2 protein chains.
Amino acid sequence: MTLPERTVERLSEYRRSLLQCLEEGKTHIFSHELAGLHHNTAVQVRRDIMFIGYTSMQRKGYDVRELIDVIGDILDSGKGLNVAVIGIGNLGRAVTTYFVGKRSKLNIIATFDVDTTKIDRVISGVKCYPINRMKEIVEANNISIAIVTVPADSAAEVTAQLVEAGIMGLMNFTTVPLNVPDEVYLDEYDMITSLEKVAYFVKSPRN
Amino acid sequence: MTLPERTVERLSEYRRSLLQCLEEGKTHIFSHELAGLHHNTAVQVRRDIMFIGYTSMQRKGYDVRELIDVIGDILDSGKGLNVAVIGIGNLGRAVTTYFVGKRSKLNIIATFDVDTTKIDRVISGVKCYPINRMKEIVEANNISIAIVTVPADSAAEVTAQLVEAGIMGLMNFTTVPLNVPDEVYLDEYDMITSLEKVAYFVKSPRN
DNA sequence: TGGAAATTGTGATTTAATTAACAATATTTT
DNA sequence: AAAATATTGTTAATTAAATCACAATTTCCA
Ligand SMILES: NC(=O)c1ccc[n+]([C@@H]2O[C@H](COP(=O)([O-])OP(=O)(O)OC[C@H]3O[C@@H](n4cnc5c(N)ncnc54)[C@H](O)[C@@H]3O)[C@@H](O)[C@H]2O)c1
Ligand SMILES: NC(=O)c1ccc[n+]([C@@H]2O[C@H](COP(=O)([O-])OP(=O)(O)OC[C@H]3O[C@@H](n4cnc5c(N)ncnc54)[C@H](O)[C@@H]3O)[C@@H](O)[C@H]2O)c1
């Protein structure tokens, strides 16, 4: 029973809002409140929560803490995963700095680069290794997710190496589509495309 | 007649591949070839191209140059748009550096920050202005798109200012959902959510 | 206590996106 | 020049996602 992709995304977003609520001392939340915090409807929220099989106390809204835990059971199930960032340029550095220490179950534990001036540098406590030691280090540290921030023309090569090393999930920030076997999960995020899309809809507003 | 959101995205991606083809001297391309370059089917490619009303020479595939132009007519229609980056921290700097000079019709022409040490700095040829001059500069330079890379707790405030200043499209990199009026197009990209989604599907592979 | 009101959970329906199916057409082969 | 092949463009069918509609339950309050 795997959840719809969009539902997984929304659950992650809900959790962040819920943690915020908890900090503010809010113990219960209604579906329409949670919907209001996202761009979303109350039904959608209830449907998503239905998928994960959580039910609230009727009429009191969802128990914030419980819901956080239930989402955690889904999103963080089992042990945490180790993550590597490949290519410590402008974007790689920003992403590494940002993610370190953020989500406790997803740990960035290594970065890789070809540039000898970057090797052995420590970014937010994470060391940069030479790319030719990638397989060795990925295997030794049980790294299963890679964030790819190398230049476009190295992306295919690096990806092949990552797959070879046994990586199971990949976040691609380069602007070339990557090819991975079916069993490897691939998330592509193309900023140029996003910006061009924004521009298109600015010029051709819908409805 | 506005195109489906996903089609707009794919057209942007196709164009990039097509430009690459052109460089390599390829003059024609079949739908299944273009599909192969993306994670996509030939039918989907033909459907997308149908939407924009381009038709190929039967059996010869699409004329690469013509198709680039037709996509350009859709994506770059009319005059170019001006873009600002708000918050010149790690991510804002990376994004600015990256985008400058990339797409000729979308020009980053200003950045903004509150940090006085950053103001007046020039990043890849783009000057950083104090955030309190935002409205003035946005209006004077006809900036219609903003890329938001401020800390999460400033995001709502900055967004309100941007809307007030007349911004029509917004790319949000912060992890709080923004609220904008209907007529403003909003693209949210949440890296934490993406990473959590990758982790989920690594642990619970589909099919 | 007995409505009225608020809220959830979910089956049914609608809408949007993708995929299948195939006729039409151009090219190649024999 | 007829048959076989490859490819497009598009209608129809399917699948996936979102929304509607409403019964069930709980709380509120007169
Ligand atoms: N900077 C952005 O905001 C941005 C936005 C969208 C997309 N991207 C994409 O992200 C990628 C990186 O962008 P950037 O701006 O950080 O570039 P960058 O040039 O600053 O960084 C690239 C890094 O990768 C390293 N590298 C090169 N080849 C390598 C290899 N084979 N193995 C390991 N490391 C290698 C380089 O030494 C460098 O440190 C590019 O593909 C770019 O298209 C960046
Ligand atoms: N760095 C990343 O890779 C990354 C990834 C995902 C999301 N984000 C999000 O992007 C945002 C920026 O991240 P970052 O790592 O660049 O942070 P950062 O702290 O390096 O940069 C934030 C910048 O915004 C400026 N700023 C603060 N308040 C402002 C205001 N009111 N007006 C204008 N500028 C203001 C700060 O002076 C600073 O320069 C954050 O919201 C973060 O959640 C960053």
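Just so you know, these numbers come straight off a predicted model, no measurement behind them. (Residues numbered from 1 in each chain as written. Chains lettered and ligands numbered in written order. Predicted model: local features only at pLDDT ≥ 70, side-chain atom pairs only at ≥ 80, totals over all residues. Heavy atoms only, no water.)

I'm lost on the overall build of chain A in this one. Help?
Broken down by element type, chain A carries eight helices and nine strands. Its C-alpha atoms give chain A principal-axis dimensions of about 60 × 45 × 35 Å. Within chain A, the fraction of its 207 residues that count as buried is 52%. Here chain A displays about 9,700 Å² of accessible surface, and carbon together with sulfur accounts for 50% of that area. Distance between charge centroids for chain A: 7 Å, based on 23 positive and 26 negative side chains. (Helix = DSSP H or I, 4+ residues; strand = E, 2+ residues; numbered from the N terminus. Buried < 20%, exposed > 50% of the residue type's maximum accessible area, 1.4 Å probe, protein only. Areas by Shrake-Rupley, 256 points an atom, 1.4 Å probe, with all protein chains shown as cover. Lys, Arg positive; Asp, Glu negative; His and termini not counted. Charge placed at Lys NZ, Arg CZ, Asp CG, Glu CD.)

I tried to follow the domain arrangement of chain A on my own but got confused; where do I start?
By a widely used convention, the size of an interface equals the accessible area lost when the partners come together. For chain A, the domain assignment lists domain 1 (5–74) and domain 2 (81–193). The C-alpha-based centres of domain 1 of chain A and domain 2 of chain A are spaced at 31 Å. (Domains from an automatic or database assignment.)

Even after reading the chapter, I still don't get the sheet that holds strand S3 (residues 81–86) of chain B, so can you show me in this structure?
Sheets are built from strands paired through backbone hydrogen bonds, the pairs being either parallel or antiparallel. The strand order across the open sheet built from seven strands is S5-S6-S4-S3-S7-S8-S9 (chain B), with neighbouring strands paired in mixed fashion. In this open sheet, the two edge strands, each paired with only one partner strand, are strand S5 (122–123) and strand S9 (185–188) of chain B. Bridge count for strand S8 (residues 169–172) of chain B against S9 of chain B is four bridges, and the pairing is parallel. Pairing of asparagine 172 of chain B across the sheet is with glutamate 188 of chain B, part of S9 of chain B. Against the sheet, helix H8 (residues 191–203) of chain A touches S3, strand S4 (106–113), strand S7 (143–148), S8 and S9 of chain B, its axis set at about 155 degrees to S8 of chain B. (Pairing = 2+ DSSP bridges. Contact = heavy atoms within 4.5 Å. Axes fitted to C-alpha atoms, helices over the stretch in contact; angles between N-to-C directions.)

Hey, could you run me through unusual backbone geometry in this one?
Comment: phi is negative for the bulk of residues other than glycine, and the bulk of peptide bonds are trans. Even without a glycine there, the phi angle at aspartate 120 of chain A is positive, about 75 degrees. Positionally, aspartate 120 of chain A belongs in the loop between strand S4 (106–113) and strand S5 (122–123).

Can you walk me through the interface of chain A and chain B in this structure?
Contacts between chain A and chain B engage 63 residues on the former and 63 residues on the latter. For the chain A and chain B pair, buried surface summed over both sides reaches about 5,800 Å², with 67% attributable to carbon and sulfur atoms. Among the residues of chain A in contact with chain B, Leu195, Glu196 and Tyr200 of chain A are the three that bury the most area, contributing 12% of the side total. Here chain A and chain B share 10 salt bridges between them. (Buried area = accessible area lost by both parts, 1.4 Å probe. Salt bridge = Lys/Arg side-chain N within 4 Å of Asp/Glu carboxyl O.)

How do you make sense of the packing of aromatic side chains when you look at a structure like this?
One pass over the structure, following the stated rule, counts 15 aromatic pairs over all chains. For the pair phenylalanine 112 of chain A and tyrosine 129 of chain A, a centre-to-centre distance of 6.0 Å together with 40 degrees between the ring planes defines the contact as tilted. Note that phenylalanine 112 of chain A is positioned in strand S4 and tyrosine 129 of chain A in strand S6 (residues 126–130), a separation of 17 residues in sequence. Residues phenylalanine 112 of chain A and tyrosine 129 of chain A agree in their burial class; the two are buried. Ring geometry for phenylalanine 173 of chain B versus tyrosine 189 of chain B: centroids 6.3 Å apart, planes at 80 degrees, classification edge-to-face. Note that phenylalanine 173 of chain B is positioned in the loop between S8 and S9 and tyrosine 189 of chain B in the loop between S9 and helix H8 (191–203), a separation of 16 residues in sequence. The same class applies to phenylalanine 173 of chain B as to tyrosine 189 of chain B, namely buried. (Phe/Tyr/Trp six-rings, centres within 6.5 Å; stacked < 30°, edge-to-face > 60°.)

In this structure, what is going on with the site of ligand 1? I would like to understand it.
As a matter of local geometry, ligand 1 sits amid 22 residues, with Asn90, Leu91, Asp113, Lys118 and Val150 of chain A nearest to it. Residue neighbours of ligand 1 fall on chains A and B, so the site bridges chains. Here a nitrogen atom of ligand 1 and a backbone polar atom of valine 114 of chain A are 3.5 Å apart. Considered on its own, ligand 1 offers 820 Å² of accessible surface; in the complex 86% of this is hidden by protein. Of all the secondary-structure elements, those providing two or more residues to the shell around ligand 1 are helix H5 (90–99) and helix H7 (152–165) of chain A together with helix H5 (90–99) of chain B. Taken together, the residues that form the shell around ligand 1 break down as 13 nonpolar, six polar and three charged. (Near = heavy atom within 4 Å. Polar contact = N/O pair within 3.5 Å; in protein donor to acceptor, adjacent residues only side chain to side chain. Nonpolar A, V, L, I, M, F, W, Y, C, P; charged D, E, K, R; others polar.)

Explanation requested: the relation of the copies chain A and chain B in the structure shown.
Superposition of the two copies of the chain requires a rotation about an axis and a shift along the axis. Mapping chain A onto chain B leaves a residual RMSD of 0.1 Å; the transformation is a rotation of 180 degrees accompanied by 0.0 Å of translation along its axis. Overall, the copies show the geometry of a two-fold rotation axis. Taking C-alpha positions as the reference, the residue of chain A nearest the rotation axis is leucine 91 of chain A, at 3.4 Å. Interface residue correspondence from chain A to chain B reaches 100%, placing this contact among same-surface, isologous pairings. (Least-squares fit on C-alpha atoms with pLDDT ≥ 70 in both.)

Help me out: how do you make sense of the protein's contact with DNA strand D in this one?
Around DNA strand D sit 23 residues, and of these Ser31, Arg46, Arg47, Arg59 and Tyr62 of chain B come closest. Sugar and phosphate atoms form 56% of the subset of DNA strand D atoms that lie within 4 Å of the protein. The side chain of serine 31 of chain B places a nitrogen or oxygen atom 2.5 Å from a phosphate oxygen of DNA strand D. One of the side-chain nitrogen or oxygen atoms of tyrosine 62 of chain B is found 2.8 Å away from a phosphate oxygen of DNA strand D. Those elements that provide at least two residues to the surface near DNA strand D are helix H1 (5–23) and helix H3 (42–51) of chain A together with helix H2 (31–37) and helix H3 (42–51) of chain B.

Can you help me understand the site of ligand 2 in this one?
Around ligand 2, the structure places 22 residues, and the nearest of them are Asn90, Leu91, Asp113, Lys118 and Val150 of chain B. With respect to ligand 2, the backbone of leucine 91 of chain B contributes an N or O atom lying 2.8 Å from an oxygen atom. Contacts to ligand 2 include alanine 152 of chain B, whose backbone N or O atom sits 3.3 Å from an oxygen atom. Considered on its own, ligand 2 offers 820 Å² of accessible surface; in the complex 85% of this is hidden by protein. Those elements that place two or more of their residues in the shell around ligand 2 are H5 of chain A together with H5 and helix H7 (152–165) of chain B.

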